[in-house]
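Observations on the three-dimensional arrangement
Residue-level listing of the chains:
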Amino acid sequence: MTNKTPFALCIHGGAGVITPENLSPTDKKMIKEDLILALNAGEEILAKGGNAVDAVTAAVVALENSIHFNAGKGAVYSREGKHLLEASIMDGATLEAGSVANSMKIKNPVLFAKSLLGYKDLIMISGEAADNLAEQTNHELVENHYFDTDFRKKQFLEAKKISETATFLDHTNLKMGTVGAVAIDRNGSIAAATSTGGMTNKLDGRIGDSAIIGAGTYANNKTCGVSCTGVGEYFIRATVSSMVSNLMEFGKMSLDQATEVTIKGHLTKLGGEGGLIAIDKDGNINFSYNSQGMYRGFVCEKKKEKKVYIWDNEEV
């Protein structure tokens, strides 16, 4: 196939209550550096003619390995003091998908989710069964305490002081960040991936939108790829990621129109907060959110640009 589509990649590190006065210059610098590392990881694959699935996986792995986001190493604590991880990925060329929820041992859940793309009888697996399958298929496993960070421990203890049973959403602190990536490669194929530790003090066994295809992650070469971040229950009820695609395919909307209707209309009316990143089949990029900010960035071959943002159109 002739290389005719300029590649593009966008990433996110969470949306929520992010204000300039509450984000220290040091934190801002470290978060920017990690976002750039993730963009570079995905860009390197796309620039060499690699595929979108590999690119979004590489970008999300980089974010999972950062302590500054709520995924992988920086994941929040559940109600029982555990880290319960989830991730999903979708290939827009084949509509194959892979998903994992409530893993306690998989170092990089997105890599495991990616490995499920080849299965014909399995898309989503959770808990101990997921960790067992990961072990059988030679994925890197770690003890649950590997995911510990001082920041999340402090956050968890503060949450317990307020309420033993309340759920504290990952968007209520600065280093919140469900992470995700969407890419289009030079062959015009689209992929999307999302990874998270969920919500602070969440009930063990709870599953959010990041593990659910059509809610937190969706990709279809006919339309677009989408990765979401925010309060998972609302994104599940609003079927956010697939709604954007459906509005484009069946409602004949543009990417900007579809994301506006979905986030500013449908999700907001339900009471949900958060955002999404998206790329359409023509390589157009969209960041749509109804919160105060969203950690995000993109690299675009056509425009020869690489930028990182937190607030509205203000480059970091």
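Residues numbered from 1 in each chain as written. Predicted model: local features only at pLDDT ≥ 70, side-chain atom pairs only at ≥ 80, totals over all residues. Heavy atoms only, no water.

**A look at the overall build of the chain**
Helix and strand counts for the chain come out as 8 helices and 13 strands. A compact globule built from 316 residues would reach a C-alpha radius of gyration of about 20 Å, and the chain, at 18 Å, matches this within 12%. Overall, the C-alpha framework of the chain stretches about 55 × 45 × 35 Å when taken along its three principal axes. Going through the 316 residues of the chain one by one, you find that 58% of them count as buried. (Helix = DSSP H or I, 4+ residues; strand = E, 2+ residues; numbered from the N terminus. Rg over C-alpha atoms; globule rule 2.2 N^0.38 Å. Buried < 20%, exposed > 50% of the residue type's maximum accessible area, 1.4 Å probe, protein only.)

**Notes on the packing of aromatic side chains**
Taken as a whole, this structure holds 5 aromatic pairs when the rule is applied. For the ring pair Phe69 and Tyr295, a centre distance of 6.4 Å and an interplane angle of 80 degrees mean the geometry is edge-to-face. Separated by 226 residues along the polypeptide, Phe69 in the loop between helix 2 (52-64) and strand 2 (85-91) and Tyr295 in strand 11 (residues 293-300) bring together distant segments of the chain. Take Phe69: its relative accessible area is 0%, and that puts it in the buried class. Ring-pair connections join several aromatic residues into one group, and the members of that group are Phe287, Phe298 and Tyr309. Against the face of Phe287 rests Arg296, its NZ or CZ located 5.5 Å from the ring centre. (Phe/Tyr/Trp six-rings, centres within 6.5 Å; stacked < 30°, edge-to-face > 60°. Lys NZ or Arg CZ within 6 Å of the ring centre and 35° of its normal.)

**Here we look at the sheet that holds strand 10 (residues 285-289)**
On the basis of which strands lie adjacent, the open sheet formed by 4 strands has the order 7-8-9-10 and antiparallel pairing. Since the sheet does not close on itself, it has two edges, and those belong to strand 7 (217-219) and strand 10, each with one partner. Neighbour to neighbour, the strand axes of the sheet diverge by 10 degrees on average, direction disregarded. Judged from the 3 bridges that link them, strand 7 and strand 8 (residues 224-230) form a sheet pairing that is antiparallel. Among the inter-strand pairings, Tyr218 is bridged to a residue of strand 8, identified as Val226. On top of the sheet, helix 7 (residues 240-249) reaches strand 7, strand 8 and strand 9 (274-280); it is set at about 145 degrees to strand 8, its chief contact. (Pairing = 2+ DSSP bridges. Axes fitted to C-alpha atoms, helices over the stretch in contact; angles between N-to-C directions. Contact = heavy atoms within 4.5 Å.)

Any link to function would need more than the numbers given here.
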